[in-house]
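# Descriptive analysis of the structure
Each chain, letter by letter, is given below.
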Amino acid sequence: QVQLVESGGGLVQPGGSLNLSCAASGIIITMGWFRQAPGKQREVIATITRSGYTQYGGPVKGRFAISTDNDKNIVYLQMNGLQPEDTAVYYCRVLRDPDDREGIGPWGQGTQVTVSS
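Residues numbered from 1 in each chain as written. Predicted model: local features only at pLDDT ≥ 70, side-chain atom pairs only at ≥ 80, totals over all residues. Heavy atoms only, no water.

## Thoughts on the nonpolar core
- In this structure, Met31, Trp33, Phe64, Val75, Leu77, Met79 and Tyr90 are the most contacted members of the largest nonpolar core, which totals 25 residues.
- If you tally residues by element for this core, the top one is strand 3 (residues 18–24), at four residues.
- Setting aside its immediate chain neighbours within four residues, methionine 31 contacts Leu4, Cys22, Ala46, Thr47, Ile48, Ile66, Val75, Cys92, Arg93, Val94 and Leu95. (Core = buried A, V, L, I, M, F, W, Y, C linked by side-chain atoms within 4.5 Å. Buried < 20%, exposed > 50% of the residue type's maximum accessible area, 1.4 Å probe, protein only. Helix = DSSP H or I, 4+ residues; strand = E, 2+ residues; numbered from the N terminus. Contact = heavy atoms within 4.5 Å.)

## Digging into the sheet that holds strand 5 (residues 43–49)
- Spatial ordering of the open sheet is given by 2-10-9-4-5-6, a layout of six strands whose pairing is mixed. In this open sheet, the two strands that pair with only one neighbour each are strand 2 (10–12) and strand 6 (54–56). For this sheet, the mean inter-axis angle between neighbouring strands, taken without regard to orientation, is 20 degrees.
- Inspection of the sheet shows strand 5 paired to strand 6 by three bridges, in the antiparallel sense. Along strand 6, the bridge assignment pairs isoleucine 48 with threonine 54. (Pairing = 2+ DSSP bridges. Axes fitted to C-alpha atoms, helices over the stretch in contact; angles between N-to-C directions.)

## Some details on the packing of aromatic side chains
- Tallying each qualifying case throughout the model produces two aromatic pairs.
- Centre to centre, the rings of tyrosine 91 and tryptophan 107 are 5.6 Å apart; their planes meet at 75 degrees, and the pair counts as edge-to-face. In this pair, tyrosine 91 sits in strand 9 (residues 88–94) while tryptophan 107 sits in the loop between strand 9 and strand 10 (111–115), placing the two residues 16 residues apart along the sequence.
- A cation over an aromatic ring shows up here: arginine 42 above the ring of tyrosine 91, its NZ or CZ 4.1 Å from the ring centre.
- The cationic tip of arginine 42 hangs over the ring face of tryptophan 107; the distance from NZ or CZ to the ring centre is 4.0 Å. (Phe/Tyr/Trp six-rings, centres within 6.5 Å; stacked < 30°, edge-to-face > 60°. Lys NZ or Arg CZ within 6 Å of the ring centre and 35° of its normal.)

## A few points about the state of the cysteines
- Taken as a whole, this structure holds one disulfide when the rule is applied.
- Cysteine 22 shares a disulfide with cysteine 92; S-S distance 1.9 Å. Measuring the twist about the S-S bond at about 70 degrees, one finds the cysteine 22-cysteine 92 disulfide to be right-handed. Of this pair, cysteine 22 sits in strand 3 while cysteine 92 sits in strand 9, and the two are 70 residues apart along the sequence. An identical accessibility class is assigned to cysteine 22 and cysteine 92; each is buried. (Disulfide = S-S within 2.5 Å.)

See below:
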């Protein structure tokens, strides 16, 4: 199974930016970024295939961008225009296909993103 390690979270003011990283122990085929806000279910927000096909959830479309470095097996999530409602723990996970909204295999430890003034 592919092991995943997320990093790059932190505290940022509204309107700020962060770039999250997800280092995978194996080859990336299709990956997703998920987030779980306090008291809410975990949701997928962005997905990407090895060929670069991307999809985004409504709340982040136009503000977040997912990308990969296939040579290094790293998936990135560039987050711009952050708002307090983006506060959550962010996770990456292997997906079965671009329309998979659950993912397979182990979760990483996640990285906390807090948006607050």
